[in-house]
Amino acid sequence: MEIFNEIKKNMVELDDVKVKQLIEEALKKGVSPTEIVEKSLRPAMVEIGELFEKGEYFLAELVVAGDIFKEVMDELLLPALRKSGAEIEKLGTVVIGTVKGDLHDIGKSIVASMLRAAGFEVIDLGVDVSPEKFVEAVKKYNANIVGLSALLTTTMLEMKNVIEELKKAGLRDKVKVIVGGAPVTPEFAKEIGADAYARDAVEAVEVCKKLLKRK
Ligand code: B1M
């Protein structure tokens, strides 16, 4: 669809005014907020990352891209998501966070919002979360699921440390672990002993529902 390309192009060019205008138009036409994220904004962020790698964009551009993404999520997409008929049934409790050393929170926050919209209670611990903090929160909130997000190839290794810490605390059998984030793969999830992997926020909701049924 042309509108997805247009949003993507303007996001890559960091034109926040145009991005907002196009998203408003798309929402009015009935395009779903999750499609806008997955077909326009996320591919745009990948391209922005590539421009950064090539030295055509700098850290300042990454920061601006992150800010625009957050603004359109808060102002336009999350309100639309809430309106689009969230299930009211109360599902389980998910403790979620971006692992230690990692400050990327856009994808994790989208996953958290989608889980909330689907009826999960979500405790969002934010970014740079240590294994000890995850364990503490699992105990405190009696969580059914722990969600770990990482965007750096270096920090994804922290996911294993969280699983180890859950084992040490005797909680590993009581809680399911789902992992995700750009560098994470299903193979990596298996290798570190996670229960599940999700590619995006829509899949994360489906996977979390399945994880609870299996318990
Ligand atoms: Co950074 N950064 N960054 N960055 N950044 C990446 C990740 C990078 C791939 C860019 C690149 O070079 N191509 C690269 C990592 C390379 C690598 O590890 N191999 C990189 C780098 C190098 C860095 C710094 C080291 C740069 C520096 O300082 N020199 C630095 C690290 C800081 C740190 O964390 N310690 C850094 C900093 C930043 C900013 C702070 C400026 C900013 C983040 C702002 C913020 O989050 N508040 C930023 C940004 C914006 C990016 C890119 C461009 C975009 C990330 C993003 O928001 N994507 C990114 C490029 C890329 O991703 N290819 C890049 C959109 C978001 C919707 O997608 O996060 O993938 P994503 O989330 C998806 C799925 O992955 C999945 O669902 C989400 C929704 O669909 N998902 C889950 C995510 N978590 C999940 C959890 C689940 C399930 C699914 O279950 C629990």
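Residues numbered from 1 in each chain as written. Predicted model: local features only at pLDDT ≥ 70, side-chain atom pairs only at ≥ 80, totals over all residues. Heavy atoms only, no water.

Before going further, it helps to spend a moment on the side chain of Asp102. Looking at the secondary structure, you find Asp102 in the loop between strand S1 (93-98) and helix H5 (106-118). One buried charged residue, Asp102, remains without a salt bridge, the closest side chain of opposite sign being Lys108 at 10 Å. Every residue in contact with Asp102, bar those within four places of it in the chain, is listed here: Val127, Asp128, Ala150, Leu151, Leu152 and Thr155. (Helix = DSSP H or I, 4+ residues; strand = E, 2+ residues; numbered from the N terminus. Buried < 20%, exposed > 50% of the residue type's maximum accessible area, 1.4 Å probe, protein only. Lys, Arg positive; Asp, Glu negative; His and termini not counted. Salt bridge = Lys/Arg side-chain N within 4 Å of Asp/Glu carboxyl O. Contact = heavy atoms within 4.5 Å.)

Near the ligand you find 36 residues, and of these Glu38, Glu53, Leu103, His104 and Asp105 are the closest. Measuring from an oxygen atom of the ligand, one finds a side-chain N or O atom of Arg42 at 3.4 Å. Lys70 has a polar side-chain atom sitting 3.5 Å from a nitrogen atom of the ligand. Of all the elements in the fold, those that place two or more residues in the shell around the ligand are helix H3 (33-53), helix H4 (59-83), H5, strand S3 (145-149) and strand S4 (176-180). Of the residues contributing to the shell around the ligand, the split by class is 19 nonpolar, nine polar and eight charged. (Near = heavy atom within 4 Å. Polar contact = N/O pair within 3.5 Å; in protein donor to acceptor, adjacent residues only side chain to side chain. Nonpolar A, V, L, I, M, F, W, Y, C, P; charged D, E, K, R; others polar.)

For the protein chain, the domain assignment lists domain 1 (2-84) and domain 2 (93-214). Domain 1 and domain 2 are separated by 25 Å when their C-alpha centres are compared. Taken residue by residue, the interface counts eleven residues in domain 1 and ten residues in domain 2. A buried area of about 800 Å², summed over both sides, lies between domain 1 and domain 2, and 74% of it is on carbon and sulfur atoms. Inspection of the domain 1/domain 2 interface yields two residue pairs in polar contact (both at pLDDT 80 or more). At the level of secondary structure, the elements contributing two or more residues to the side of domain 1 that touches domain 2 comprise H3 and H4. Counting residues per element, the side of domain 1 that touches domain 2 draws most heavily on H4, at six residues. (Domains from an automatic or database assignment. Buried area = accessible area lost by both parts, 1.4 Å probe.)

A surface patch of nonpolar side chains, amounting to about 280 Å² of accessible area, comprises Phe52, Leu59 and Val63. On the secondary structure map, Val63 appears in helix H4. The exposure class of Val63 is partly exposed, given its relative accessible area of 47%. (Patch = residues over 30% accessible without salt bridge, like charges linked within 9 Å, V, L, I, M, F, W, Y side chains within 5 Å. Areas by Shrake-Rupley, 256 points an atom, 1.4 Å probe, with all protein chains shown as cover.)

Another aspect to go through is the sheet that holds S4. Strand pairing in a sheet relies on backbone hydrogen bonds, with the paired strands running either antiparallel or parallel. Pairing in this open sheet of five strands is parallel, and the strands run S2-S1-S3-S4-S5 from one edge to the other. Of all strands in the sheet, those with a lone pairing partner are strand S2 (121-124) and strand S5 (196-197), marking the two edges. Both S3 and S4 contribute to a ladder of five bridges, which runs parallel. Each bridged residue has a counterpart across the sheet, and for Ser149 the counterpart in S4 is Gly180. Seen against the sheet, H5 touches S1, S2 and S3 and runs at an angle of roughly 160° to S2. (Pairing = 2+ DSSP bridges. Axes fitted to C-alpha atoms, helices over the stretch in contact; angles between N-to-C directions.)

What follows covers the environment of Leu125. In this fold, Leu125 is placed in the loop between S2 and helix H6 (131-141). Residues Leu125 and Asp102, spaced 23 residues apart in sequence, show a C-alpha to C-alpha distance of 13 Å. Apart from the residues lying within four places of it in its own chain, the contact partners of Leu125 are Val95, Ile96, Lys133, Phe134 and Ala137.

This part covers the environment of Glu6. Position of Glu6 among the secondary structure elements: in helix H1 (residues 2-12). For Glu6, a relative accessible area of 25% translates into the label partly exposed. For the pair Glu6 and Lys18, spaced twelve residues apart in sequence, the C-alpha to C-alpha distance is 9.2 Å.

For helix H7 (residues 158-168), the complete set of buried residues consists of Glu158, Met159, Val162, Ile163, Glu165 and Leu166. In a view along the axis of H7, the buried residues occupy a sector of 160°, so they form one face of it. Packed against the buried residues of H7 are H6, S3, S4 and helix H8 (186-191). Immediately beyond the C-terminal end of H7, within one or two residues, lies Gly170, with a positive phi of roughly 70°. (Arc of directions from axis to C-beta.)

Attention shifts here to the pairing of S2. Alignment of S1 against S2, held across four bridges, turns out to be parallel. Along S2, the bridge assignment pairs Val94 with Val122. Read from S1 through H5 to S2, the crossover connection turns out right-handed. (Right-handed = clockwise from strand over helix to strand, strands pointing away.)

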